Each structure stands twice: as structure tokens, then as C-alpha cells.
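Chain by chain, the residues run as shown.
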Amino acid sequence: PVIDPRPPTPVGAPVIDPRPPTNPGPPGTPNCGMVPTTQFSGIASFVDTDGSGFLPTAGDLSIAVSLLPLNPSPGSSVSIKAVCILTAEDPSTSAPFCTFESTIEIQAGPTVLSGTTISIGTPPMLAITGGTGDLFGAYGELITGADLSFEPVGPGLIQLSFTASVNYCVPPSVGDFF
């Protein structure tokens, strides 16, 4: 059996798996990892576009500025901004279309990675289409659980909660182009 020398991480805490991919390639291959399933929660604005009240209908949207992990990992931080739009006339037949901006500062082995990623799509699978900072050029997928819950907490406000995991790769540094 292989013994993992890393200290234990709190259950549900977002961490990057710093181990190399199971099929590492030659130098110049992407650096890949994962953030295991984590519970996120926060307050979002609910925009009722047709005035029907809290009954969600096509065109309604939610805007969250800070969805945070319920069990953050020591030394790391993750925050998600999310805009989701209901696209189906009957929202129970289709998930909304979403854009997530994830701001990340996380321990990856001996270094700390920081930057943002952009994920776009219809849950449960959103495509990571890029990043900034240490995550420049990131790609992969953000996978949401089937456990999305929301409830009104005040006029135009809802409490959101969901689980998500991330499989990502960051291209290797290619040096100067000139």
C-alpha cells in the first residue's frame, strides 16, 4: 500500500491534489489536478424578470457575488461569483445557463497558486475556459452536484447551496514568445 505523507485535510475542504497525473507526459505537458467535491453556500440576488414572484420562470436570473466553501482548507481560499439564467419555460426541465468566476489561492505542494478561472455552461458540467495569474490558460471542468438548494431570505434575495468538484489543467510555462 502507498502511504500519503500529506497532512489530513478537513472533510469537504477544497485542496489541489499536487500529485502528478496518473499518466505524466514528457516535460512541457500540462500540470493537472483536482479540487474534490466541496459544499459552497452564499446569498444571491434573484431577478424576477416577468414579475411572477418567487416562482422561477424563463429569463429569471440569480447573481451571487461570494459563494464560499462551508469547510475551507487552512491556508487556501476559494470564492465563486456566479450568474445563472433560467432558459427553459419550465425550469424543472432544464438547468440554468451559468457563468462562474472562481478566485483561488490554494496550496499546491510547496507553492501557492493564485488567480481566477472562468467556467461556463449548463450544470452539472461547466467548461473551464481560461484563467488568470498562476491559472493562466486553465482548462477543464467544474462539476456541480444534483443537490442545488435555494430559498428566499428576503426581498430579492435567496440562499444558495450546492456541491462542486473541479478537474483542471494549467499549461506549462512556455517562456518568452519573442
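Residues numbered from 1 in each chain as written. Predicted model: local features only at pLDDT ≥ 70, side-chain atom pairs only at ≥ 80, totals over all residues. Heavy atoms only, no water.

Caption draft 1: Here's a closer look at the packing of aromatic side chains. In the structure shown here, the tally under the stated rule is two aromatic pairs. Centroid distance F40 to F162: 5.9 Å. Interplanar angle 25°. Geometry classified as stacked. Residue F40 is found in strand β1 (residues 31–47), and its partner F162 is found in strand β9 (residues 157–170); the two are separated by 122 residues along the sequence. Across the pair, F162 and F40 agree in class, each one buried. Seen in terms of ring centroids, F100 and F162 are 6.0 Å apart; in terms of plane orientation they differ by 45°. Their pairing is tilted. Taken together, the positions of F100 in strand β4 (residues 97–108) and F162 in strand β9 put the pair 62 residues apart, joining distant regions of the chain. No difference in accessibility class separates F100 from F162, as the two residues are buried. Feature note: the residues F40, F100 and F162 constitute an aromatic cluster, connected by ring pairs. (Phe/Tyr/Trp six-rings, centres within 6.5 Å; stacked < 30°, edge-to-face > 60°. Helix = DSSP H or I, 4+ residues; strand = E, 2+ residues; numbered from the N terminus. Buried < 20%, exposed > 50% of the residue type's maximum accessible area, 1.4 Å probe, protein only.)

Caption draft 2: Expanded view of the nonpolar core. One finds L67, I80, F100 and F162 to be the most contacted residues of the largest nonpolar core, which totals 27 residues. Looking at this core, the elements with two or more residues in it are β1, β2 (61–69), β3 (77–85), β4, β6 (125–131) and β9. Residue contributions to this core peak at seven residues, all from β9. Beyond its immediate sequence surroundings of up to four residues, I80 is in contact with F40, A64, V65, S66, L67, F100, E101, S102 and F162. (Core = buried A, V, L, I, M, F, W, Y, C linked by side-chain atoms within 4.5 Å. Contact = heavy atoms within 4.5 Å.)

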